[in-house]
Amino acid sequence: MSLILFLLSFTYYLSGLCGTIPPYRDSGDLIASIHTLGIAHPPGYALYVLIGKLFVTILPFGNVAYRVNVMSAFFAAAAAAILSRVLCCLKSSSPAVSNGNCRILYLVVAVLWATTPSVVSLARVAEMYTLASFFASGILFCLLEGSPACYSLAALLLGLGLSVHPT
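Just so you know, these numbers come straight off a predicted model, no measurement behind them.

Definitions and limits used
- Numbering of residues starts from 1 in each chain and follows the order in which that chain's sequence is written.
- Totals for whole chains, interfaces and linings use every residue, but because this is a predicted model, local features are given only for residues with pLDDT of at least 70 and side-chain atom pairs only at 80 or more, for both listing and counting.
- Calculation of side-chain values draws on the structure's entire complement of heavy atoms; hydrogens and water are dropped beforehand.
- Numbering of helices and strands runs from the N terminus, with a helix taken as a DSSP run of H or I at least four residues long and a strand as a DSSP run of E at least two residues long.
- We take the radius of gyration over the C-alpha atoms and set the globule estimate at 2.2 Å times the residue count to the 0.38 power.
- In this analysis, two residues are considered to be in contact whenever any of their non-hydrogen atoms come within 4.5 Å of each other.
- Only the protein chains shown count as covering a residue, and every accessible area follows the Shrake-Rupley method with a 1.4 Å probe.
- The convention is simple: Lys and Arg are positive, Asp and Glu are negative, and His and the chain ends are not counted.
- Where a charge sits is defined by one atom per residue type, namely NZ (Lys), CZ (Arg), CG (Asp) or CD (Glu).
- Two rings from Phe, Tyr or Trp (for Trp, the six-membered ring) form a pair when their centres sit within 6.5 Å of each other. Planes less than 30 degrees apart are called stacked, planes more than 60 degrees apart edge-to-face, and all others tilted.
- Between buried and exposed lies partly exposed: a residue is buried under 20% and exposed over 50% of the maximum accessible area for its type, with that area taken using a 1.4 Å probe on protein chains only.
- Disulfide assignment relies on a single distance test, namely cysteine sulfur atoms paired within 2.5 Å.

Quick word on the overall build of the chain
Phase 1 of the analysis: Helices and strands together make up the secondary structure of the chain, namely eight helices and zero strands.
Phase 2 of the analysis: From first element to last, N terminus to C terminus, the chain shows the α and β order α-α-α-α-α-α-α-α.
Phase 3 of the analysis: Its C-alpha atoms give the chain a radius of gyration of 17 Å, within 12% of the compact-globule value 15 Å for 167 residues.
Phase 4 of the analysis: Overall, the chain is about 55 × 35 × 25 Å in size when its C-alpha atoms are taken along their principal axes.
Phase 5 of the analysis: If you take every contact in the chain between residues at least 6 apart in sequence, the share linking residues at least 24 apart comes to 70%.
Phase 6 of the analysis: On the chain, roughly 8800 Å² of surface is accessible, and the fraction owed to carbon and sulfur atoms is 72%.
Phase 7 of the analysis: Of the side chains in the chain, 7 bear a positive and 4 a negative charge, and the two mean positions are spaced by 12 Å.

With respect to the packing of aromatic side chains
Phase 1 of the analysis: Enumeration according to the criterion identifies nine aromatic pairs in this entry.
Phase 2 of the analysis: Judged by centre distance (5.9 Å) and plane angle (50 degrees), the ring pair of Phe134 and Phe135 falls under tilted.
Phase 3 of the analysis: Take Phe134: its relative accessible area is 23%, and that puts it in the partly exposed class.
Phase 4 of the analysis: Assessed through its relative accessible area of 6%, Phe135 is described here as buried.
Phase 5 of the analysis: One aromatic cluster in this structure is built from Phe6, Phe10, Phe55, Phe74, Phe75, Phe134 and Phe135.

Some words on the side chain of Ser84
Phase 1 of the analysis: Along the polypeptide, Ser84 turns up in helix H4 (residues 64-89).
Phase 2 of the analysis: What Ser84 contacts, discounting residues up to four positions off in sequence, is Ser2, Leu5 and Ala110.

So, the state of the cysteines
Phase 1 of the analysis: Following the criterion strictly, the structure yields zero disulfides and no others.
Phase 2 of the analysis: With no disulfide of its own, Cys142 has Cys150 as its nearest cysteine by sulfur position, at a separation of 5.2 Å.
Phase 3 of the analysis: For Cys142, a relative accessible area of 5% puts it in the buried group.

Quick word on unusual backbone geometry
Phase 1 of the analysis: Of note in this structure, Leu37 is not a glycine but carries a positive phi near 55 degrees.
Phase 2 of the analysis: Inspection of the secondary structure puts Leu37 in the loop between helix H2 (27-36) and helix H3 (46-58).

Right under this line is the structure:
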């Protein structure tokens, strides 16, 4: 179910993706920093730049700006898929909702999150917010798993997520 949500949301984000440098806030600065491995405006977004450079190097088609925009779409779709897994891990406190209905309800919530205008607009431009949402959903998933190894992974994701936080 999560894979289907990832593929559908990724396709949806790609359908409206900006093909060049988007006219959105700091997208041009971030794309230039990824291309040159430079430092973006403060706080620098070091992890975003490094992951972006890796993504731009691996993706074989399109200009650099388009590839960075695809990276944003990828991380937004991955965050939606992980969010659906997080919601499926939650136990329903209401006895009126059966287990099958819970899965459908949680999938609907994840789809609603993935299609909100703010998520869609940020998934189609080069910005660090989709990577931050990917880390946040990963942290929630790890914390719900409850094992010591997952707690360690959640702590690592929190530390990595601080490097893409905008303040």
